[in-house]
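Chain by chain, the residues run as shown.
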Amino acid sequence: MRMKEGRSVLVQEVECFYEHVPGCPLVVLEFWDADMPLVRLFNSGDHLGLLCPLVLARDADVATRAVYGANTIAFCMKAINRHPNTTITQTRVARNDLGFFDYRGYAPRVLLSDLRSDIMHLDLVAHVAQVSGNLPFGPPDDAEDRYVVKLWNPLASVERDVTLWGALGRQCARLRPGHLVLLVSLETTEEHGELKINGSPEIDSAALNLSTLPALLTSPGLRTYTKLDLLPSHGSRFISARAMQVSAAPQGLCDARDRMQATALVHDACGWPVVCATMSSAVGAVQGPADALLFDCHRCCREKLPSGEVVSAFSVHVLVDDGTAVRKAQMDTLAAARLLGLTPRQFLELPSESEQAAALKRAAGGEIVAAVSLYVDPCDQTQAMRIDVLCPAEDVGTTDDI
């Protein structure tokens, strides 16, 4: 805060050094009030040129002070690294004052194969190969949640583990193999010769599951269709096909009202099936109302979950046919609800087995557009396909419209 013409003004300073001058004398540039946002354009290591600055003081023994004024024009040449052996191969990102490669504002895609230690503000787009359960770190009474997501990139055929902490880890517990995910503001370090990638809310890390964005289905410029007979073994694709048959895919426990075993009781936080310590079997319908029982989530290392955290989710398969092949796909619970036209709760409220069977049968025959994930199931190492999000074909038109 400074006084200017009898009033208080905000001031932000940028310290620079003269290049090619003996002693590299210090120059302090002042940006006042409305000019302060310009400072965000500059990074450590940039080269600045100023036309018509207001020089306040110039002395051989003290720093030169100048103000960015109304007639001043700044020219900025962004920093580049002069020592290629200190950066990863695909970039020219320089180290900052703390010795880190600062990737804030770096636009090109970074491959998993090119990562090295000491990177900050790193953004990654990659496919999920596997997601660990919770691996709490610290004393039992004050442990921090920790999840590990194994990423892979088909462009480089490389896998990397990313450790996600706290609320970010809990959010990413909902990721599944095959998902395409954007992870923002990660950091890399090296421990005992091994590269570590970490993300947490404390360093403003965030995650976005690109595979479940409905907007991509209705945006022809962002997606093209792949025929079922040409689907790869790994990756994310969009398909246009007919839903031929919907069937139950029993997994874990289900509500006693589910006569078809087309739903599963899951932990709402992570979406994984829960277990009940008082039941001898981990599969099948529970005895009595689900909200009267105590459930545990081994995935999140949580015991005796509150009843509000245990919900029913669809557990169904669908056969899809586009004229080139017929494929069996698992379904995300939201995608299944869209196809069936009712929520899991509404399905459970159907009073008879025949009505629940009819609800599954009614979903067959419709043309759909869907985003699918293709992956190797980490449990049995078989090829699998999952529909992550879908909509009726009439909502987006036909392939000929693209």
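Owing to the predicted nature of the structure, the values given are computational and were not obtained by experimental measurement.

1. Observations concerning the overall build of the protein
Logical step 1: The helix and strand inventory of the protein stands at four helices and 25 strands.
Logical step 2: Within the protein, the fraction of its 402 residues that count as buried is 40%.
Logical step 3: Look at the contacts in the protein between residues 6 or more apart in sequence, and 57% of them connect residues 24 or more apart.
Logical step 4: Carbon and sulfur atoms form 54% of the exposed surface of the protein, whose accessible area is close to 21,800 Å².

2. Quick look at the environment of Leu334
Logical step 1: Note that Leu334 resides in helix H2 (residues 333-340).
Logical step 2: Exposure remark for Leu334: the relative accessible area of 67% places this residue in the exposed category.

3. Side note on the sheet that holds strand S4 (residues 26-32)
Logical step 1: Judged by pairing direction, the sheet is mixed, and its four strands sit side by side in the order S3-S4-S7-S6 without closing on themselves. Of all the strands in the sheet, the pair left with one neighbour each is strand S3 (11-17) and strand S6 (54-57). Pairs of neighbouring strands in the sheet enclose a mean axial angle of 30 degrees, with direction left out of account.
Logical step 2: Strand direction decides the pairing type here: S3 and S4, joined by seven bridges, are antiparallel. If you follow Glu15 over to S4, its bridge partner there is Val28.

4. A word on the nonpolar core
Side chains that are nonpolar tend, in soluble globular proteins, to be buried together.
Logical step 1: Residues Val318, Val320, Leu339, Phe347 and Ile387 are the most contacted members of the largest nonpolar core, which totals 32 residues.
Logical step 2: Of all the secondary structure elements, the ones that give two or more residues to this core are strand S17 (235-248), strand S22 (316-321), strand S23 (326-331), H2, helix H3 (344-348), helix H4 (353-362), strand S24 (367-376) and strand S25 (383-392).
Logical step 3: With five residues, H2 is the largest single contributor of residues to this core.
Logical step 4: With residues near it in sequence (within four places) discarded, Leu339 still touches Ala243, Val246, Val318, Met331, Ala363, Ile368 and Leu390.
Logical step 5: In terms of nonpolar packing, the next biggest core, distinct from the first, is built from 24 residues, Val110, Val128, Val131 and Leu164 among them.

5. Some words on the sheet that holds S22
Logical step 1: One closed barrel accounts for five strands, arranged S17-S22-S23-S25-S24; its pairing is mixed. Each adjacent strand pair in this sheet contributes to an overall mean axis angle of 55 degrees, direction not counted.
Logical step 2: Taken together, the six bridges between S17 and S22 define a ladder with antiparallel strand orientation. Bridge pairing in S22 places Arg242 opposite Asp321.
Logical step 3: Packed on one face of the sheet, H2 meets S17, S22, S23, S24 and S25 and runs near 50 degrees to S25.

6. Examining the packing of aromatic side chains
Logical step 1: Under the counting rule described, the total for this entry stands at four aromatic pairs.
Logical step 2: On the numbers, 6.0 Å between centres and 55 degrees between planes, the contact of Phe31 with Phe42 is tilted. Separated by 11 residues along the polypeptide, Phe31 in strand S4 and Phe42 in the loop between S4 and strand S5 (47-51) bring together distant segments of the chain.
Logical step 3: Summarising the aromatic geometry, the rings of Phe314 and Phe347 are spaced 5.8 Å apart at their centres and angled 70 degrees between planes, so their arrangement reads as edge-to-face. Residue Phe314 is found in strand S21 (residues 310-314), and its partner Phe347 is found in helix H3; the two are separated by 33 residues along the sequence. Both residues of the pair, Phe314 and Phe347, belong to the buried class.
Logical step 4: Members of the aromatic cluster, each reached through a chain of ring pairs, are Phe31, Phe42 and Tyr68.
Logical step 5: Above the face of the Trp272 ring, Arg299 is positioned so that its terminal group lies 3.9 Å from the ring centre.

7. Topic: the pattern of salt bridges
Logical step 1: Within the structure shown, the criterion is met by 10 salt bridges.
Logical step 2: In this structure, Arg386 engages Asp388 in a salt bridge whose closest nitrogen and oxygen atoms are separated by 2.7 Å.
Logical step 3: Asp388 sits in the buried class, given a relative accessible area of 3%.
Logical step 4: Residues joined by salt bridges that share partners form a network here, namely Glu13, Glu30 and Arg65.

8. A closer look at the pairing of S24
Logical step 1: Where burial is concerned, most of S24 is hidden: eight out of the 10 residues are buried.
Logical step 2: The pairing of S17 with S24 spans eight bridges and is antiparallel. In the strand pairing of S24, Ser236 is matched with Ser373.
Logical step 3: Here S24 pairs with S25 via nine bridges, running antiparallel. Residue pairing for S25: Leu374 is matched across the bridge by Met385.
Logical step 4: The loop that links S24 with its antiparallel partner S25 comprises six residues; one of these, Gln381, has a positive phi angle of about 60 degrees.

9. Some thoughts on the confidence of the model for the protein
Logical step 1: Considering every residue of the protein, the mean pLDDT works out to 85; 88% of them sit at 70 or more.
Logical step 2: Mean pLDDT per element in the protein: strand S1 (residues 2-4) is the minimum at 65, and S22 is the maximum at 97.
Logical step 3: Every residue in residues 81-91 scores below 50 in pLDDT, and together they form 28 contacts with partners more than four places removed in sequence or on other chains.
Logical step 4: Contacts for the low-pLDDT stretch residues 398-402, under 50 throughout, to residues beyond four places or in other chains number four contacts.

So, how was this worked out
Residues numbered from 1 in each chain as written. Predicted model: local features only at pLDDT ≥ 70, side-chain atom pairs only at ≥ 80, totals over all residues. Heavy atoms only, no water. Helix = DSSP H or I, 4+ residues; strand = E, 2+ residues; numbered from the N terminus. Buried < 20%, exposed > 50% of the residue type's maximum accessible area, 1.4 Å probe, protein only. Contact = heavy atoms within 4.5 Å. Areas by Shrake-Rupley, 256 points an atom, 1.4 Å probe, with all protein chains shown as cover. Pairing = 2+ DSSP bridges. Axes fitted to C-alpha atoms, helices over the stretch in contact; angles between N-to-C directions. Core = buried A, V, L, I, M, F, W, Y, C linked by side-chain atoms within 4.5 Å. Phe/Tyr/Trp six-rings, centres within 6.5 Å; stacked < 30°, edge-to-face > 60°. Lys NZ or Arg CZ within 6 Å of the ring centre and 35° of its normal. Salt bridge = Lys/Arg side-chain N within 4 Å of Asp/Glu carboxyl O. pLDDT = per-residue confidence, 0-100.

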